[in-house]
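# Structural characterization, general
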Amino acid sequence: MAKMTYRLLQGNEAIVEGAIAAGCRFFAGYPITPATEIAEGMSVRLPMVDGTFVQMEDEIGSMGAIIGASLAGVKSMTATSGPGFSLMQENIGFACIAEVPCVVADIMRGGPSTGLPTNPAQSDIMQTRWGTHGDHPIIVLSPHSVEECFTVTVKAFNLSERYRVPVILATDEVVAHMREKVALPPRESLEIIDRLRPTVPPDWYIPFEDNSMGVPPMSAFGDGYRYHVTGLVHDVRGFPTSRPDEVDTLIRRLHRKIDKGLGYIQEGEYFLMDDAEVAIIAYSSVARSAKQAAIMAREDGKKVGVFRPITLWPFMRKDVEEILKNVRAVIIPEMNMGQYSREVKRVDQGYARIITLNRVDGQVITPDDILRKLKEVY
Amino acid sequence: MPEYTRLIYNYLRHDKKFPHVWCPGCGNGILLGSLIRAIHQTGLTKDEIVLVSGIGCCGRLPVYVDFNTLHTTHGRALTFATGIKLANPSLKVITIMGDGDSMAIGGNHFIHAARRNIDVTAIILNNSIYGMTGGQYSPTTPYGMRASTAVYNSIEQAFQISELAVTAGASFVGRQTVYNARLLDGLIEKAILKKGFSVVEVVTHCHTQYGRQNKMGSAVDMLKWQRDNAVPVEKAAKMSPEALEGKIITGILVDKELPVYEEEYNKVRAKAKGLS
């Protein structure tokens, strides 16, 4: 068996290593706390592996550049935080409609606006889902440890390549700046997915034609398959259209390709959930406090478990519904005013009592915070 | 079929339903013809060319031609072009933008692309108006002219696109009118062949919006206005600033050798690998 490499890394550094391992060879970014270390790391690492780093004039340009690089056939990513993530939204929509794979790391800090640049928050959960205008599916993954910053980044690239979608890697300042010992798997043991490329002769290539997966093969500029890419609604050849049947077909295919992949895309961790009477649903750094709280509660004989969605979007409805049916109460601690809990409440048909715990003071949610909340139900 | 028509025909996409979106008499078609002739002269293949546009009337230009084509978001063509060029430097990337696209919403990207000296050719169609949205004033609408958002006449000073490109550090800057289409062919060809960031400002007309609102007559009248007001840069050098007021200085404004980003980045790679 190939050997693991052990390193002491920061979350942001692990994201850099994950991206390089996944085959990312282009990064465009703009400095912003608390995501800057990703740009710094990429500026060091990419030129070592014949990749390219460019510091753009703003986050709008960064997003445009990574889409361009991806269209030229190179796996690409950018990294930012709240204010920069807001600036990227228009071009994220472009990547959705033109089906350009790319990864955007959003290291969440307190908001709105300039907010709390050096404090953690989870206040972009809804923005990752609905930040760009128009109906669109999106994949959002959230690591809760430094080791996961590596593995989930690899997964983010794999999903973006497989489904031709932008994937948002959303975590918070705590995970991004924390240092932990991590076991990095050897390259050959990693599953790396590359986008499907056309194998037909160029004159047979129909760039946006539907198939069983709903994901058409993607040619790179310069490969000889000359085609048109646009942010306008387009027909199967990529040409602008407003014909209702063609418009409807495109928008529905974009959704269907993600709906069909839910089993592959969605991933979550069940911690002490087997006999749990109360579940805590938490993600990114808060999930760490949630796990500790569950351990402490069990020492008092309280059957508490944790469900931790790694895939924040598409919302893990089946898992959450199943949990709601099997526990009497769910506690949802979040460093926001209740963004993920809204979704849980939306699917709760009176199955379980839902209790929210919201901290918006720029401080982490501690196990004690959660245990105090637990007293309301246990 | 005349030779010129045949040449252009060879570069058009025949599975795209013509007619195009432009008004009869628009200068965009003249520029498209000029661009095709220039590319043909360079000897570059269709596969090597990536044509990137932003939003506006000229944003629709790439869809008609048989290259790798990309129609991006408003003002961002140069950012997408930067990514394409850096990801695959063997491609020849040409952007098509309007005056609003490149100078207003995309103004910041423009000066930084010039400063970075990425090997991209930026063609800017300057018709001094937002045409597609119905004739609002743009950053190049001259002071005192009328627009649908300046019915009391514009009180803003206009940007000089080419002069801005020179100041921002572009390797090559040229300006020409669509009236002088043959000269425009040669200018675009030189810009494409230039290593580094090259800019061609194409002075054109929007008789539908700008011309109508400012009572400048038909497309033909506006072309004649271009003919009568264009001054070659060599001649302009001998004229007083007063005599040049309202004139269009045409020709090559700057052509210099500067370090190109992609080549500089190869040095970065060598350093990162400990090779130098």
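What counts, and where the lines are drawn
Residues numbered from 1 in each chain as written. Chains lettered and ligands numbered in written order. Predicted model: local features only at pLDDT ≥ 70, side-chain atom pairs only at ≥ 80, totals over all residues. Heavy atoms only, no water. Helix = DSSP H or I, 4+ residues; strand = E, 2+ residues; numbered from the N terminus. Rg over C-alpha atoms; globule rule 2.2 N^0.38 Å. Buried < 20%, exposed > 50% of the residue type's maximum accessible area, 1.4 Å probe, protein only. Contact = heavy atoms within 4.5 Å. Buried area = accessible area lost by both parts, 1.4 Å probe. Salt bridge = Lys/Arg side-chain N within 4 Å of Asp/Glu carboxyl O. Polar contact = N/O pair within 3.5 Å; in protein donor to acceptor, adjacent residues only side chain to side chain. Nonpolar A, V, L, I, M, F, W, Y, C, P; charged D, E, K, R; others polar. Pairing = 2+ DSSP bridges. Core = buried A, V, L, I, M, F, W, Y, C linked by side-chain atoms within 4.5 Å. Domains from an automatic or database assignment. Axes fitted to C-alpha atoms, helices over the stretch in contact; angles between N-to-C directions. 1 Å grid on protein atoms, 1.4 Å probe; cavity = no way out; pocket = protein on both sides within 12 Å on 5 of 7 lines; lining within 4 Å. Points joined across faces, edges and corners; volume = space filled by probe spheres on them.

### Things to note about the overall build of chain B
Helix and strand content of chain B: eleven helices and ten strands. Relative to the compact-globule value of 19 Å for 276 residues, chain B shows a C-alpha radius of gyration of 19 Å, a close match. Oriented by its inertia axes, the alpha-carbon framework of chain B measures out at about 65 × 45 × 35 Å. Here chain B holds 276 residues, and the buried ones make up 56% of them. Counting only contacts in chain B whose residues sit at least 6 apart along the sequence, the fraction spanning at least 24 positions is 67%.

### Side note on the interface of chain B and chain A
The interface of chain B with chain A comprises 39 residues on the first partner and 41 residues on the second. When chain B packs against chain A, the two sides together hide about 3300 Å² of surface, and 58% of this comes from carbon and sulfur. The three residues of chain B that bury the most area against chain A are His-71, Phe-80 and Tyr-265 of chain B, which together make up 15% of that side's buried surface. One salt bridge connects Arg-116 of chain B with Glu-57 of chain A, and the closest N-O pair in it is separated by 2.6 Å. At the junction of chain B and chain A, the tally comes to 19 residue pairs in polar contact (both at pLDDT 80 or more). Listed by contribution, the elements that provide at least two residues to the side of chain B that touches chain A are strand S2 (68-71), helix H3 (77-87), helix H5 (107-116) and helix H11 (261-272) of chain B. Taken together, the residues of the side of chain B that touches chain A break down into 14 nonpolar, 13 polar and twelve charged. Across three bridges, strand S10 (residues 228-230) of chain A lies against S2 of chain B in parallel orientation.

### So, the pairing of strand S3 (residues 92-98) of chain B
Sheet faces and side chains relate simply in a regular strand, where the side chains alternate between the two faces. Residue and element names in this part refer to chain B. For S3, the buried fraction is high: seven of the seven residues fall into the buried class. Both faces of S3 are covered, namely the face carrying Lys-92, Ile-94, Ile-96 and Gly-98 and the face carrying Val-93, Thr-95 and Met-97. Pairing between strand S1 (residues 49-53) and S3: five bridges, direction parallel. Along S3, the bridge assignment pairs Val-50 with Val-93. Looking at chain direction, S3 and strand S4 (residues 120-126) are connected through six bridges and run parallel. The residue bridging Met-97 from the neighbouring strand is Ile-124, located in S4.

### Some remarks on the nonpolar core
Ranked by size, the top nonpolar core spans 133 residues in total, and within it Met-42 and Met-77 of chain A together with Phe-197 of chain B carry the most contacts. If you tally residues by element for this core, the top one is helix H6 (residues 146-163) of chain A, at nine residues. Residues from two domains meet in this core; each of domain 1 (5-189) and domain 2 (269-374) of chain A gives at least three. In this structure Met-42 of chain A touches Val-16, Ala-19, Ile-20, Cys-24, Phe-27, Pro-47, Phe-53 and Met-77 of chain A, once residues within four positions along its chain are discounted. Among the nonpolar cores identified, the runner-up in size contains 33 residues, and Trp-22, Ile-36, Leu-187 and Leu-223 of chain B belong to it.

### Here's the deal with the environment of Arg-129 of chain A
Residue and element names in this part refer to chain A. Mapped onto the elements of the fold, Arg-129 is located in helix H5 (residues 125-130). Placed 190 residues apart in sequence, Arg-129 and Asp-319 show a C-alpha to C-alpha distance of 19 Å. Not counting residues up to four positions away in its chain, the partners in contact with Arg-129 are His-136, Pro-137, Ile-138 and Trp-313. Of note is the side chain of Arg-129, whose polar atom sits 2.9 Å from the backbone oxygen of His-136.

### Some words on unusual backbone geometry
All names here are of chain A. In this model, Thr-33 is joined to Pro-34 through a cis peptide bond whose omega is 0°. Relative to the elements of secondary structure, Pro-34 occurs in the loop between strand S2 (26-29) and helix H2 (36-45). The step from Trp-313 to Pro-314 runs through a cis peptide bond, and the omega angle for that step is -5°. One can find Pro-314 in the loop between strand S14 (311-313) and helix H11 (317-326). Despite not being glycine, Ser-284 shows a phi value in the positive range, around 45°. Inspection of the secondary structure puts Ser-284 in the loop between strand S12 (278-281) and helix H10 (285-299). Judged by relative accessible area, Ser-284 falls into the buried class, the value being 0%.

### A look at the sheet that holds strand S9 (residues 230-232) of chain B
Ordered by their spatial adjacency, nine strands build an open sheet running S10(A)-S2(B)-S1(B)-S3(B)-S4(B)-S8(B)-S7(B)-S10(B)-S9(B), and the pairing between neighbours is mixed. Where the open sheet ends on each side, the last strands, each with one partner, are S10 of chain A together with S9 of chain B. Put simply, the sheet's adjacent strands are angled 20° from each other on average, direction ignored. Two elements, strand S7 (residues 172-177) of chain B and strand S10 (residues 248-255) of chain B, share four bridges in a ladder whose sense is antiparallel. The partner of Gly-174 of chain B across the bridge, within S10 of chain B, is Ile-252 of chain B. Packed onto the sheet, H3 of chain B meets S1, S2, S3 and S4 of chain B and runs at close to 175° relative to S3 of chain B. Relative to S7 of chain B, helix H6 (residues 161-168) of chain B is tilted by about 175°, and along the sheet it contacts S4, S7, strand S8 (198-203) and S10 of chain B.

### Topic: the layout of surface pockets
Left-over empty space is what a probe sized like a water molecule reveals as it rolls over the atoms. Residues and elements named next belong to chain B. In this structure, the largest pocket encloses a volume near 770 Å³. Every residue lining the largest pocket is counted, 30 residues in all, and those nearest its centre are Pro-142, Gln-160, Trp-225, Gly-246 and Lys-247. Elements that contribute at least two residues to the lining of the largest pocket include exactly H6, S8, helix H9 (219-229) and S10. When residues of the lining of the largest pocket are assigned to their parent elements, the largest contribution, three residues, is made by H9.

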